Amino acid sequence: NAGVTQTPKFRILKIGQSMTLQCAQDMNHNYMYWYRQDPGMGLKLIYYSVGAGITDKGEVPNGYNVSRSTTEDFPLRLELAAPSQTSVYFCASSYGGRGDTQYFGPGTRLTVL
Amino acid sequence: QKEVEQNSGPLSVPEGAIASLNCTYSDRGSQSFFWYRQYSGKSPELIMSIYSNGDKEDGRFTAQLNKASQYVSLLIRDSQPSDSATYLCAGGGHGSGNTGKLIFGQGTTLQVKP
């Protein structure tokens, strides 16, 4: 199993550009999450999904959108990139919800200039 | 605002010593707690999970939970230089539904000196 994969690993965007961060898991997990981690900080939840077709906002959803059309994939869309979105983005998945271990992907380091 | 608080450190211990990492949380509804280790430039990986009051041991690691005091800790015995990393405390199970949402602390940086 590849686990949780993310692409790209690194990306530089100009202010106002848009992009999609890709996340996929091959563990047949129902729950998927997007976090951002700013330097020296913990992780903040952006969006999460409890199954295909079901998504909801986390702590810091502004400026982002998600979709979940399949169990495996959970892309994160950034519209009109801003310098405040410079961060490392982690995707995670778990089989169930409360109490289940979340497995993290390797992350995408995004810089907005 | 639901919060998980950690001392950012760095916590420096000599090799072979016990490292004690602490975490407090504000949401009394939190039911599950996790310690993740994160090496610089890498993604978090689970070290321990704990759901009930008391101690839970796994090899050199012991997690402790005190729900009355809203306190979680992680002890690392016989610390090794390879334990040098940032340790993230996370709490979950709060709120309605079974969403799996976690609130993370800012992390404590541990340095184990040879």
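Heads up: these notes are all about the structure in this document. (Residues numbered from 1 in each chain as written. Chains lettered and ligands numbered in written order. Predicted model: local features only at pLDDT ≥ 70, side-chain atom pairs only at ≥ 80, totals over all residues. Heavy atoms only, no water.)

So, the overall build of chain B
Alright, step 1. Scanning chain B for helices and strands turns up zero helices and eleven strands.
Alright, step 2. Secondary structure elements of chain B occur, N-terminal to C-terminal, as β-β-β-β-β-β-β-β-β-β-β.
Alright, step 3. Radius of gyration (C-alpha) of chain B: 14 Å, near the 13 Å computed for a compact globule of 114 residues.
Alright, step 4. Along the longest, intermediate and shortest principal axes, the C-alpha atoms of chain B span 45 × 30 × 20 Å. (Helix = DSSP H or I, 4+ residues; strand = E, 2+ residues; numbered from the N terminus. Rg over C-alpha atoms; globule rule 2.2 N^0.38 Å.)

Side note on the nonpolar core
Alright, step 1. Counting 23 residues, the largest nonpolar core has Trp35(B), Val72(B), Leu74(B), Ile76(B), Tyr87(B) and Leu110(B) as its most contacted members.
Alright, step 2. Only strand 3 (19–25), strand 4 (32–38), strand 5 (45–50), strand 7 (61–66), strand 8 (71–76), strand 9 (85–92) and strand 11 (108–113) of chain B provide two or more residues apiece to this core.
Alright, step 3. Top element by residues in this core is strand 3 of chain B. It accounts for four residues.
Alright, step 4. Excluding residues within four positions of it along the chain, Ile76(B) makes contact with Ala17(B), Ile18(B), Ala19(B), Leu21(B), Arg60(B), Phe61(B), Asp83(B), Tyr87(B) and Leu110(B).
Alright, step 5. Counting 19 residues, the second-largest nonpolar core is a separate cluster that includes Cys23(A), Met32(A), Phe74(A) and Leu110(A). (Core = buried A, V, L, I, M, F, W, Y, C linked by side-chain atoms within 4.5 Å. Buried < 20%, exposed > 50% of the residue type's maximum accessible area, 1.4 Å probe, protein only. Contact = heavy atoms within 4.5 Å.)

Examining the sheet that holds strand 7 (residues 64–66) of chain A
All names here are of chain A.
Alright, step 1. A sheet is described by the order of its strands in space; here four strands give the open sequence 1-3-8-7, paired in antiparallel fashion. At either end of the open sheet lies a strand with only one pairing partner, and these are strand 1 (4–7) and strand 7. Within the sheet, the average angular offset between the axes of one strand and its neighbour, ignoring direction, is 20°.
Alright, step 2. In this sheet, strand 8 (residues 76–78) lies alongside strand 3 (residues 19–25) in antiparallel orientation, the contact comprising three bridges. The residue bridging Thr20 from the neighbouring strand is Arg77, located in strand 8. (Pairing = 2+ DSSP bridges. Axes fitted to C-alpha atoms, helices over the stretch in contact; angles between N-to-C directions.)

Observations regarding the state of the cysteines
Residues and elements named next belong to chain A.
Alright, step 1. Per the counting criterion, the structure on display carries two disulfides over all chains.
Alright, step 2. One disulfide in the model links Cys23 with Cys91; its S-S distance is 1.8 Å. The sign of the S-S torsion, about -70°, decides the handedness of the disulfide formed by Cys23 and Cys91: left-handed. Residue Cys23 is found in strand 3, and its partner Cys91 is found in strand 9 (residues 87–94); the two are separated by 68 residues along the sequence. Each member of the pair Cys23 and Cys91 is classed as buried. (Disulfide = S-S within 2.5 Å.)

Describing the sheet that holds strand 7 of chain B
Residues and elements named next belong to chain B.
Alright, step 1. If you walk across this open sheet you meet the five strands as 1-3-8-7-6, and the pairing is antiparallel. Sheet topology places strand 1 (4–5) and strand 6 (54–58) at the edges, where each strand pairs with a single neighbour.
Alright, step 2. Relative to strand 8, strand 7 runs antiparallel, the two sharing six bridges. Bridge pairing links Asn66 to Tyr71 in strand 8.

Regarding the pattern of salt bridges
Oppositely charged side chains can form a pair if their charged atoms are brought close together.
Alright, step 1. By the definition in use, this model includes five salt bridges over all chains.
Alright, step 2. With its nearest N and O atoms 3.1 Å apart, the salt bridge here joins Arg77(A) to Glu79(A).
Alright, step 3. The residue Glu57(B) makes a salt bridge to Arg77(B) at a minimum N-O spacing of 3.5 Å. Of this pair, Glu57(B) sits in strand 6 while Arg77(B) sits in the loop between strand 8 and strand 9, placing them 20 residues apart in sequence. (Salt bridge = Lys/Arg side-chain N within 4 Å of Asp/Glu carboxyl O.)

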